[in-house]
Amino acid sequence: MDFTQVIQAFPSLGNGLLLTLELTVLAVIGGVIIGTALALARLSSIRVLSWLAGFYVNYFRSIPLLLVITWFYFIVPFMVGWVTGTNQPIGAFTSCLIAFMMFEAAYFCEIVRAGIQSISKGQVNAAYALGMTYPQAMRLVVLPLAFRKMTPLLLQQSIILFQDTSLVYAVGMMDFLNVARSQGDITGELHTFLLFAGLVYFVISFGASTLVKRLQKRLTV
Amino acid sequence: MIRFSNVDKWYDREHHVLKNINLKVNVGEVVVVCGPSGSGKSTLIRTINQLEPVERGEIWVDEVQVNNPRTNINRIREEVGFVFQHFNLYPHLSVLDNITLAPIKVKKLAPAVARERALELLNRVGLAHKRDAYPANLSGGQQQRVAIARGLAMQPKVMLFDEPTSALDPEMIGEVLQVMQDLAKSGMTMMVVTHEMGFAREVADRVIFLDHGEILEDTQPEWFFTRPQHERSRQFLRQVLAPMHG
Ligand SMILES: Nc1ncnc2c1ncn2[C@@H]1O[C@H](COP(=O)(O)OP(=O)(O)O)[C@@H](O)[C@H]1O
Ligand SMILES: [Mg+2]
């Protein structure tokens, strides 16, 4: 075990970690937004809309994430080119980000939907009784209350997403794990590097999940 | 102000909850609705702001038919305040924000104006000192008084109350009834579902007795308490008045 090699590799490891975190944060934001839209569609009284959203969720929850990542890597540049009418190359980062957003949206959708359904009918009626429209009641009362209840679950799901970003090695992206592995190969200290990577993943994930538990206690009081 | 003509309502197509309802509430009147549990009192007053649709008949508020598909029901709801049995304050907002939310977002009132009006109303219900508190930190009686202020902040023409004191501990009922009595004195048109017969006797201009979805009595309190027309109303009165004399 030679940890000096790890220390020397800090700059590139740092870049990898930055990419991992960037991907996580953007995917969570996009995933929650798409997931909320899907949840509203699923709960909509318009049959077609709720059926389509239901199909989307069931589909993405039934296929492996790795498949989505590789598939989107090929298909996204084509789609973007078709939409914009240009032929600019799309980076692996963008296609991975879109893959994660759309995949995680299916999971976020189910969390948001449960959250919306947990808000009492009385609160919704109170909003209507004051003259609010359906979008106003959703935006001003139901969603803020639902997000309050859901925050721990959403964060828990985000921690899983953080770990899953390591799958981007499949399309050759240098995320934290991939940097650690290749540095390990180069220096012949693979074990040391993997041990270190595991430690970093553990500290971040466990730390975040401990924070979530504390937050959960605060929110339920 | 409020008029029902030949209104019928069914739940699930078979349960006939409102049967040929005809009634009128004039401007400035206070009408108490009472009747056994399950007789349709909540359903009746929820049809006025269309929280419950009806299958037959017409309901009018002022010169507008509320159960007409072409009516913008949100405009009606702005003018019809509703106070729920379980308060239904917004737990994520402070007392002041609970009151100003709809005036700002629905009525598009300037926040400063809405705030000033809310403080005035809080004064009126005796809770100015609680303006920054959250609902969870208020007693039931205080929450209900805030809910009344929230309804009044929209400057409604009518206030509807659905058993506003039945979820309260006995010692808090008085403070809420007092606020409602003051409101009645100020000339507000009110329809109140309640079992508080003292309030009916003191404050109401008329009492309506509902049983199995039918209006059996619609009369002055004096007549209702001394000369009820139906056996069912006599029985009901014996039940609700008994504990007070026992
Ligand atoms: N949403 C609903 N669906 C079906 N039945 C209902 C619903 N709400 C109320 N009911 C029934 O309608 C009847 C009248 O209810 P309600 O108006 O709440 O009576 P009250 O307020 O006088 O106790 C009751 O038998 C009740 O079970
Ligand atoms: Mg009721």
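Parameters at a glance
Residues numbered from 1 in each chain as written. Chains lettered and ligands numbered in written order. Predicted model: local features only at pLDDT ≥ 70, side-chain atom pairs only at ≥ 80, totals over all residues. Heavy atoms only, no water. UniProt positions renumbered as here; feature names shortened; annotations may be inferred. Helix = DSSP H or I, 4+ residues; strand = E, 2+ residues; numbered from the N terminus. Rg over C-alpha atoms; globule rule 2.2 N^0.38 Å. Buried < 20%, exposed > 50% of the residue type's maximum accessible area, 1.4 Å probe, protein only. Contact = heavy atoms within 4.5 Å. Areas by Shrake-Rupley, 256 points an atom, 1.4 Å probe, with all protein chains shown as cover. Lys, Arg positive; Asp, Glu negative; His and termini not counted. Charge placed at Lys NZ, Arg CZ, Asp CG, Glu CD. Pairing = 2+ DSSP bridges. Axes fitted to C-alpha atoms, helices over the stretch in contact; angles between N-to-C directions.

- Looking at an unreviewed UniProt entry, one finds chain B named Amino acid ABC transporter ATP-binding protein, with Chitiniphilus eburneus as its source organism.
- Checking UniProt for chain B, the heading Sequence similarities (unreviewed entry) contains the comment "Belongs to the ABC transporter superfamily."

- An unreviewed UniProt entry annotates chain A as Glutamate/aspartate import permease protein GltK of Chitiniphilus eburneus.
- Entered under Sequence similarities (unreviewed entry) in the UniProt record, the comment concerning chain A runs "Belongs to the binding-protein-dependent transport system permease family. HisMQ subfamily."

### Focus on the overall build of chain B
- Summing up its helical and strand segments, chain B has nine helices and ten strands in all.
- Taking 18 Å as the expected radius of gyration for a compact globule of 246 residues, we find that chain B reaches 18 Å, a close match to that expectation.
- Here the C-alpha coordinates of chain B stretch approximately 55 × 50 × 30 Å along the principal axes.
- Evaluated residue by residue, chain B yields a buried proportion of 57% over its 246 residues.
- Here the analysis covers contacts within chain B between residues at least 6 apart in sequence; of these, 64% occur between residues at least 24 apart.
- Entry remark: accessible area of chain B is about 11,300 Å², with carbon and sulfur atoms responsible for 46%.
- Computing the positive centroid from 29 side-chain charges and the negative centroid from 30, chain B places the two 4 Å apart.

### Let's talk about the UniProt feature "transmembrane region" (unreviewed entry) in chain A
Residue and element names in this part refer to chain A.
- Cross-referencing UniProt, the feature "transmembrane region" (unreviewed entry) maps to residues 20-41, 62-84, 90-109, 153-172 and 192-212 in the present numbering.
- Taken end to end, residues 62-84 comprises 87% helix and 0% strand; its first and last C-alpha atoms sit 30 Å apart.
- In this annotation, residues 192-212 is assigned 100% helix and 0% strand; the end-to-end C-alpha distance for the span is 30 Å.

### Observations regarding the sheet that holds strand β6 (residues 80-83) of chain B
Residue and element names in this part refer to chain B.
- Read from one edge of the open sheet, six strands run β6-β7-β8-β3-β9-β10, paired in mixed fashion. For this open sheet the edge positions go to β6 and β10 (214-219), each flanked by a neighbour on one side alone. The mean angle between the axes of side-by-side strands here comes to 15°, regardless of whether they run parallel or antiparallel.
- Across four bridges, the pairing between strand β3 (residues 30-34) and strand β9 (residues 206-211) is parallel. Bridging across to β9, V32 finds its partner in V207.
- Each of β6 and β7 (158-162) is contacted by helix α5 (residues 140-152), which is oriented at about 150° to β7, the strand it contacts most.

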